[in-house]
Structure formats: structure tokens, C-alpha cells
Amino acid sequence: MPARLRQLPARLPEWTRRRGTRQAAIVFGLFVAAVAFDAAFAVRHGFFDLRVYFGAMNHWVAGNGEIYDYLLPGTKYGFTYPPFAALTMLPMAYVGWHVAIVISLLLTVGAALAVIYWLVEPMARRNGWSPWFVLGIAAALAVAFEPMRETFLFGQVNAILLVLVAADVLFLVRYNRSVAGVGIGLATAIKLTPGIFIIYLVITKRFRAAAVASGTMMAATVLAGAVAPDASRIFWTDALWNTSRVGENSFVSNQSLNGVVHRWDSVQPSTATWGLLVLATLAVWAWRSRQAARRGDEAMGLALTGIVGVLISPITWVHHLVWVLPAMILLVDRGLVKGLSKRRRNWLLGLAAVTYAVMCSRLVWAFNGKFETWYGWLGSNAYVWLSLIMLVAVPLAPVPATAKAEEPELTGLDRELADVTKSVRVPAQEDRRLVEA
């Protein structure tokens, strides 16, 4: 480095040389870059989904008909969530449109920050970094992440559901609380797709938590049925099964295995092929989830189940892919384990970087309507391929050296992480006293 550049920090004002100031400047710069990126490339959706929620609630409260009769003017889209979701959104009927936007954005931002913090805080502590600095970097990067910005710009509920499930899995289930499962149950009552986490609790033998989650979901559903019996009857007997209310399965935004099959042949899609793909995906997920549960690696369970949920769902719009965010964070977390080989580290961090870059780029949209060619079909399913890779590539957490339980069969990367952890010497109590002194 030239001498002038080495002397530059000493010539800067003192306040710019403070660590906290530098970190704040880095985070601010990343936020500015992310917002600029979104301003240049993001599609403005005008809070489309929030408009559906807002219009449906006002339509219902005003007595203009049942909630599932409502269609947003000029479109074929209406309210598609269970009646309990309508009860939670009912306050929208008593506030103005702009107030509803502000509330939606605040809830989305708060939920996203909470989930990101819970996942990056252990990584920051382990590496001796400020958790708030790492949170700032991760939050800035999330601004440009297409599923997150789509959730934000559509006014969607994905981040809120994610925080309910994450709080349950990472804290209540992990510490075997008596109310473990309640967050998963509420999320499932609001939107059925988080119900995959109830299955996760069953296959990992947390039967009490699974019962609590199922009971919470059923109690919320019964409550909605008592408050709005006609709406409940319409949803469970008609609206739930009317897939035309949601959208076309072959639309490029549907980044699920079902979307892959429909884009291969939109005229006569093979239900059998879809079923086989779903079963194979569930088998891999169940095997890896049980390994994670034996390790007490609940973050891994959250990540794997989030991925499999979007893969097996009949419809997974791009904004639903916020559920893969935990897996991306864990790729970085596990790639920064001290003592990991350079090759393994580069593989994990490289995969995280490529996945992030692709899922910021709107790549799949470049192939919209071009499914008839092999490269168009491959490109239009890019987010699905990355989700499948993460399902098998994110390694389990290292086993603490003091763990006595029998370990499950490990992959090569998982075994290397375990060996790294076992080689770390834990300071004795006397050593810690000397360090503290």
C-alpha cells in the first residue's frame, strides 16, 4: 500500500477514526446502496395485496356481502386466507388507507429485524463482532433481497408469519416451554402453509409442542367460525379449493416444485411427477431435520422447514421466499466457523453470495413466457434450484465437545465442523478468572 494511503487514517478527523462511527458509516452506505438498487430495479406494486386486504375488510364490515365475495375492482383477486386471518386484519376497516400502509410497513420491518437479529446474534458473539453492527449489515442487505422487498411493496404478511414461527422454534421449542407451539399454531390459523412446522414438531418427536400448535390452530379456527359462521363455511367448502382465485400455476413467480412441473408442460402437467418430487424433497427434509433436532440445532430446523414449505406448496410466489432467509444466514454463519478448511469456507460463503445475488436480480422474470426452450425452463426455475441446493448444502451446527449423546451419521462437511469444535479448548474456570482480572 502506498505510504500516503497508510497515513490517511491519521490525517482524518478524530471522530471518523472511532470504531462505532466507522461501523455506522458502513451500515448507512449499504442502506443507501440497497435503496438505490431497489429504486432502479424494483417493480412498484402499489401495495396490491394490502389493497385486497383493506378492501375486503371494508366490504365485509360495511355489510356489502361476505368477505370471500369481494374482488379488488378491475381484477380477479380476492381474499384467500382463512377466516381467522380476517379477524386479525379487521382493524383495517376502522383506519384510513395511509394509516394501514404505515402499520403494515412497521410490522413487516419490525418482524424482519427481529428474525434477522435472532439468527445473526450468535454468529456475531462467536466471532467477537458487535451484534448491532452485524444486524445493520444484514438488514441493509435484506432491503435489496427480492422476496423481502416484494413482501414490503405488496404489503404482504410473510414476515409477520415468519417471526411468529421463528420465535416459537428458536425460543419456546428450544427450551421446551409449556406454550411451545403456540406461535406455529397462530401462523397456521392465519395462513395454512406454516402448518408444515407442525409436521416438523411431530417428526422431531416434540409431540407436546405439536399438540399445542394443533390445538391453537383449531381454537383460532373455531373462534373464527363462531364470530363469522358464513365466512367460515364458504372458505372451508369453496374458497379453499378454488385455485383460480390465487393465480396460474405456470406463472414464473410460482417458484415451487409445482411451478416447475407446470412450466415443463402447462397443458397437461404431470401430477404424478409433482407428487414424486414432493415425496423425495420431504424425505431429505425429514432426515436432515431429525439430525438437527438431535443436535439441538433449532435454527437449522427453522431453515430446513422454511425451505421445504415453499418447495412443496402448490403456489409459492417470489415474496413467499422470505422463508429461505434463515438458510441463507446459516450458510454465512456455518461458513465462518473457525478452523474450517479454506475450500469448505469458500464453498459455503460462495453459495450464500450467489444465492443472494440471484435472488436480488429478478433473474427468473427474464424467462417469463419462455418455458418452451430448455434454457428458458432452467432459468425460469432458478429460485427453485437454489432452494433445493440449500436444502442439502447448509451444514448442521458443530457438536459441542462436551456432548455425550450419540451423534447421527454425518456428511463430510458436518463431520468437519464437528471436528473443528472438538479441537477448541474451553478455558478452565481459573483461566477465566485470570482473563477477567
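Treat the numbers as computed from the prediction; the structure is a model and nothing was measured. (Residues numbered from 1 in each chain as written. Predicted model: local features only at pLDDT ≥ 70, side-chain atom pairs only at ≥ 80, totals over all residues. Heavy atoms only, no water.)

1. Notes on the overall build of the protein
Across its full length, the protein carries 21 helices and zero strands. Among the 437 residues that make up the protein, the fraction classed as buried is 49%. Residue pairs at least 24 apart in sequence account for 70% of intrachain contacts in the protein once pairs closer than 6 positions are excluded. Carbon and sulfur atoms make up 66% of the accessible area of the protein, which totals about 21,200 Å². (Helix = DSSP H or I, 4+ residues; strand = E, 2+ residues; numbered from the N terminus. Buried < 20%, exposed > 50% of the residue type's maximum accessible area, 1.4 Å probe, protein only. Contact = heavy atoms within 4.5 Å. Areas by Shrake-Rupley, 256 points an atom, 1.4 Å probe, with all protein chains shown as cover.)

2. Structural notes on helix α2 (residues 19-41)
Each α-helix winds once per 3.6 residues, and so residues spaced three or four apart point in a common direction. The terminal C-alpha atoms of α2 lie 33 Å apart, and with 23 residues this matches the ideal 33 Å at 1.5 Å per residue to within 8%. Considered for burial, the residues of α2 that qualify are Gln23, Val27, Ala34 and Asp38. Tucked into the core, α2 has its buried residues touching α6 (131-144) and α7 (146-154). (Expected span 1.5 Å × (residues − 1).)

3. A look at the side chain of Thr108
Along the chain, Thr108 falls in helix α5 (residues 97-126). For Thr108, a relative accessible area of 3% translates into the label buried. The residues contacting Thr108, other than those within four sequence positions of it, are Thr151, Phe152, Gln156 and Ala159.

4. Structural notes on the packing of aromatic side chains
One pass over the structure, following the stated rule, counts 18 aromatic pairs. Centre to centre, the rings of Tyr53 and Phe79 are 6.2 Å apart; their planes meet at 80°, and the pair counts as edge-to-face. Of this pair, Tyr53 sits in helix α3 (residues 48-61) while Phe79 sits in the loop between α3 and α4 (83-89), and the two are 26 residues apart along the sequence. Looking at Tyr53, the relative accessible area reads 5%, which means it is buried. (Phe/Tyr/Trp six-rings, centres within 6.5 Å; stacked < 30°, edge-to-face > 60°.)

5. Brief notes about unusual backbone geometry
Unusually for a residue other than glycine, Phe47 sits at a positive phi of about 55°. Mapped onto the elements of the fold, Phe47 is located in the loop between α2 and α3. Positive phi is not limited to glycine here, since Asn176 has a value of about 55°. Among the secondary structure elements, Asn176 is positioned in the loop between α8 (158-173) and α9 (182-190).

6. Thoughts on the pattern of salt bridges
Throughout the structure, instances matching the rule amount to eight salt bridges. Put simply, Arg125 and Glu121 hold a salt bridge, and the shortest N to O gap is 2.8 Å. Taken together, the residues Arg125 and Glu121, both in helix α5 and four residues apart, mark about one turn of the helix. For the salt bridge of Arg362 with Glu146, the shortest nitrogen-to-oxygen distance reads 3.7 Å. One end of the pair, Arg362, is in the loop between α17 (342-358) and α18 (374-380); the other, Glu146, is in helix α7, with 216 residues separating them in the sequence. A relative accessible area of 19% means that Arg362 is categorised as buried. Its relative accessible area of 0% is what places Glu146 among the buried residues. Each of the salt bridges in this network shares a partner with another, and the network as a whole consists of Arg126, Asp297, Asp333 and Arg334. (Salt bridge = Lys/Arg side-chain N within 4 Å of Asp/Glu carboxyl O.)

7. Digging into the environment of Phe145
Position of Phe145 relative to the elements: it lies in the loop between α6 and α7. A relative accessible area of 1% places Phe145 in the buried class. Taking C-alpha positions, Phe145 is 8.3 Å from Ala357, a pair spaced 212 residues apart along the chain. Non-local contacts of Phe145, meaning those with residues more than four positions away in its chain, are made with Leu321, Val324, Leu325, Met328, Tyr356, Met359 and Cys360.

8. A word on helix α13 (residues 257-264)
With respect to burial, α13 is a largely interior element, seven of its eight residues being buried. Where the residues of α13 are buried, they touch α14 (271-295), α15 (298-312), α18 and α19 (382-393).

9. Focus: the packing of helix α16 (residues 325-335) against α17
With their axes 8 Å apart at the nearest point, α16 and α17 run at an angle of 155° to one another. With respect to their mutual orientation, α16 and α17 come out roughly antiparallel. As for the relative orientation of α16 and α17, their crossing is left-handed in sense. Touching Met328, Leu331, Val332, Arg334 and Gly335 of α16 are Arg345, Leu348, Leu349, Leu351, Ala352, Thr355 and Tyr356, all from α17. (Axes fitted to C-alpha atoms, helices over the stretch in contact; angles between N-to-C directions. Parallel < 35°, antiparallel > 145°, perpendicular 65-115°, else oblique. Left-handed = near helix turned anticlockwise from the far one by under 90°.)

10. A look at the confidence of the model for the protein
Regions with low pLDDT should not have their predicted coordinates read in detail. Per-residue pLDDT for the protein has a mean of 89; in total, 86% of the residues score no lower than 70. Confidence over residues 423-437 falls short of pLDDT 50; this stretch has three contacts with residues more than four positions distant or in other chains. (pLDDT = per-residue confidence, 0-100.)

11. Quick word on the side chain of Thr355
Considering the arrangement of structural elements, one finds Thr355 in helix α17. When neighbours within four sequence positions are excluded, Thr355 is seen to be in contact with Met328, Leu386 and Met390.

12. Thoughts on a nonpolar patch on the surface
On the surface, Ile26, Leu30 and Leu141 cluster together to form a nonpolar patch covering roughly 220 Å² of accessible area. Along the chain, the position of Leu30 falls in helix α2. For Leu30, a relative accessible area of 31% puts it in the partly exposed group. (Patch = residues over 30% accessible without salt bridge, like charges linked within 9 Å, V, L, I, M, F, W, Y side chains within 5 Å.)

13. Side note on the packing of α9 against helix α11 (residues 207-227)
Close contact between α9 and α11 brings their axes to 7 Å; oriented N to C, the two are set at 40°. In this structure, the crossing between α9 and α11 has a hand that is right-handed. On α11, the residues that touch Val182, Ile184, Gly185, Leu186, Thr188 and Ala189 of α9 are Val212, Ala213, Thr216, Met217 and Ala220. Looking at side-chain class alone, the contact of α9 with α11 contains eight nonpolar, three polar and no charged residues. (Nonpolar A, V, L, I, M, F, W, Y, C, P; charged D, E, K, R; others polar.)

14. Details of the environment of Leu135
Positionally, Leu135 belongs in helix α6. Sequence separation between Leu135 and Ala124 is eleven residues; the distance between their C-alpha atoms is 8.9 Å. Ignoring sequence-local partners within four residues, the contact set of Leu135 consists of Leu113, Ile116, Tyr117 and Val120.

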